[in-house]
Amino acid sequence: MSAGTVTAPSAPPTQQQPVDKSAADTRIGLRAHVRHTGALVRRNLLWIKQDMESMFDAVLMPIVFTLLFVYVFGGSVGQALGGGREEYVQYVIPGLMAMMGMNMAMGVGTGFNQDFQTGVMDRFRSLPIGRSSVMIAKIVVELLRMLVATAILLIVALIIGFSVESIPGLIASIGLAMAFGVGLMWIFLTMGVVMKSAQAIQGMGFLVLMPLQFGSSIFAPTASMPGWLQAFTDYNPLSSLAAAARGLMNGGLPVAHDVWVTLAWSVILTGVMAPIAIHKFRTKT
């Protein structure tokens, strides 16, 4: 280089612009979302395989609840139904199927929150994957756990004398319970994002779920309840779900109204809570 040559000063380094994760998420196509969801479902199933204790609730809860309610309350409530314990088995098993979705839903919220506490979700949010895929994968795995719990419930019920009048009705009842369970899972996923601990989610969940479960027609008829409580049970979606399941599986009851009410609740809960949960997940700091 000659002495008279003047070199141009180097350009200052450009500052890297922050990545808009929400915008990046909207550019991911449907096929990529499905692929991401499948990979995350596999990851969650492998985690369950390594920690089989996480299946204890799905395996033991239907056994304990079935035996507890049938053999503790079955005689007295069965007489109120005009029969005995055998009559109560036919009444309570569809109600317990309706309850499975509620109890499984709380598990998805606590598990989601624990993933935040361990830093797993921070890693997921740093990857170029659909944000909704993370949450949908959680729901898919929880639905599989719900199917396991329902299968165990039905096996125990058949052993103690439950009879199914309509197999298509049984399948429809399971599908209806899963649809309602999905709506509840979006609520608990939102709680898993916004609440600080899994213990807080469990505490809040019990405060909400216990009145819904026992203030319904799941375990006993509502005719002997006070008027104000009967009014609550009439609008309780669990009562509609339990009544629809009984009519579909055992026959003899009109089911159209209860089926449509349950489906309406499922659609409303999913339509309202899914966007909220996904937005909270995207913007959580």
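Notes on the structure in this doc start here. (Residues numbered from 1 in each chain as written. Predicted model: local features only at pLDDT ≥ 70, side-chain atom pairs only at ≥ 80, totals over all residues. Heavy atoms only, no water.)

Considerations on the packing of aromatic side chains
Okay, so step 1: All chains considered together, the criterion is met by 6 aromatic pairs.
Okay, so step 2: For the ring pair Phe69 and Phe219, a centre distance of 4.3 Å and an interplane angle of 5° mean the geometry is stacked. Here Phe69, found in helix α3 (residues 56-80), pairs with Phe219, found in the loop between α8 (198-214) and α9 (227-235); they are 150 residues apart in sequence, far enough to count as distant.
Okay, so step 3: Among the residues examined, Phe69 registers a relative accessible area of 6% and is labelled buried.
Okay, so step 4: Residue classification places Phe219 among the buried residues on the basis of a relative accessible area of 7%.
Okay, so step 5: Put simply, the rings of Phe65, Phe69, Phe73, Phe214 and Phe219 touch in pairs and so form one group of aromatic residues.
Okay, so step 6: When the ring centre of Tyr91 is taken as origin, the NZ or CZ atom of Arg246, which lies over that ring, is 3.7 Å away. (Phe/Tyr/Trp six-rings, centres within 6.5 Å; stacked < 30°, edge-to-face > 60°. Helix = DSSP H or I, 4+ residues; strand = E, 2+ residues; numbered from the N terminus. Buried < 20%, exposed > 50% of the residue type's maximum accessible area, 1.4 Å probe, protein only. Lys NZ or Arg CZ within 6 Å of the ring centre and 35° of its normal.)

Digging into helix α10 (residues 237-250)
Okay, so step 1: End to end, α10 covers 20 Å across 14 residues, agreeing with the expected 20 Å (1.5 Å per residue, within 8%).
Okay, so step 2: Along α10, 11 of the 14 residues are buried, which leaves the element largely enclosed by surrounding structure.
Okay, so step 3: For α10, the full list of buried residues reads Pro237, Leu238, Ser239, Ser240, Leu241, Ala242, Ala244, Ala245, Arg246, Gly247 and Met249.
Okay, so step 4: In the core, the buried residues of α10 are packed alongside α4 (85-117), α7 (167-194), α8, α9 and α11 (256-283).
Okay, so step 5: Two to three positions downstream of the cap, the backbone nitrogen of Leu238 sits 3.0 Å from a side-chain oxygen, assigning the N-cap of α10 to Asn236.
Okay, so step 6: At the C-terminal side of α10, Gly251 shows a positive phi close to 75°. (Expected span 1.5 Å × (residues − 1). Contact = heavy atoms within 4.5 Å. Polar contact = N/O pair within 3.5 Å; in protein donor to acceptor, adjacent residues only side chain to side chain.)

A word on the nonpolar core
Okay, so step 1: Membership of the largest hydrophobic core comes to 71 residues, with the highest contact counts inside it found for Ile93, Phe112, Met135 and Trp186.
Okay, so step 2: The dominant element in this core, judged by the number of residues it contributes, is α4, at 17 residues.
Okay, so step 3: In this structure, Phe112 is in contact with Met121, Val134, Met135, Lys138, Leu189, Gly192, Val193 and Phe281, ignoring residues within four places of it in sequence. (Core = buried A, V, L, I, M, F, W, Y, C linked by side-chain atoms within 4.5 Å.)

Overview of the packing of α3 against helix α6 (residues 131-159)
Okay, so step 1: The geometry of α3 relative to α6 is characterised by a closest axis approach of 8 Å and an angle of 35° between their N-to-C directions. The interaxial crossing formed by α3 with α6 has right-handed handedness. Facing Asp57, Ala58, Val59, Pro62, Ile63, Thr66 and Leu67 of α3, the residues of α6 in contact are Arg145, Ala149, Ile152, Leu153 and Val156.
Okay, so step 2: For the contact of α3 with α6, the class distribution of residues is 9 nonpolar, 1 polar and 2 charged. (Axes fitted to C-alpha atoms, helices over the stretch in contact; angles between N-to-C directions. Left-handed = near helix turned anticlockwise from the far one by under 90°. Nonpolar A, V, L, I, M, F, W, Y, C, P; charged D, E, K, R; others polar.)

Topic: the layout of surface pockets
Unoccupied space between atoms shows up once a probe the size of one water molecule is rolled over them.
Okay, so step 1: What the largest pocket holds in volume is close to 800 Å³.
Okay, so step 2: Lining the largest pocket are 34 residues, with Ser54, Gly107, Thr110, Gly111 and Arg145 sitting closest to its centre.
Okay, so step 3: At the level of elements, α2 (30-50), α3, α4, α6 and α8 are the ones that each hand at least two residues to the lining of the largest pocket.
Okay, so step 4: Among the elements that take part in the lining of the largest pocket, α4 stands out by supplying 10 residues, more than any other.
Okay, so step 5: For the lining of the largest pocket, the residue count by class is 16 nonpolar, 10 polar and 8 charged.
Okay, so step 6: In this model, the second largest pocket occupies a volume close to 500 Å³.
Okay, so step 7: The wall of the second largest pocket is formed by 23 residues, among which Ser217, Ser239, Ala243, Arg246 and Asp258 lie closest to the centre.
Okay, so step 8: Looking at the lining of the second largest pocket, the elements that each hand over two or more residues are α4, α9, α10 and α11. (1 Å grid on protein atoms, 1.4 Å probe; cavity = no way out; pocket = protein on both sides within 12 Å on 5 of 7 lines; lining within 4 Å. Points joined across faces, edges and corners; volume = space filled by probe spheres on them.)

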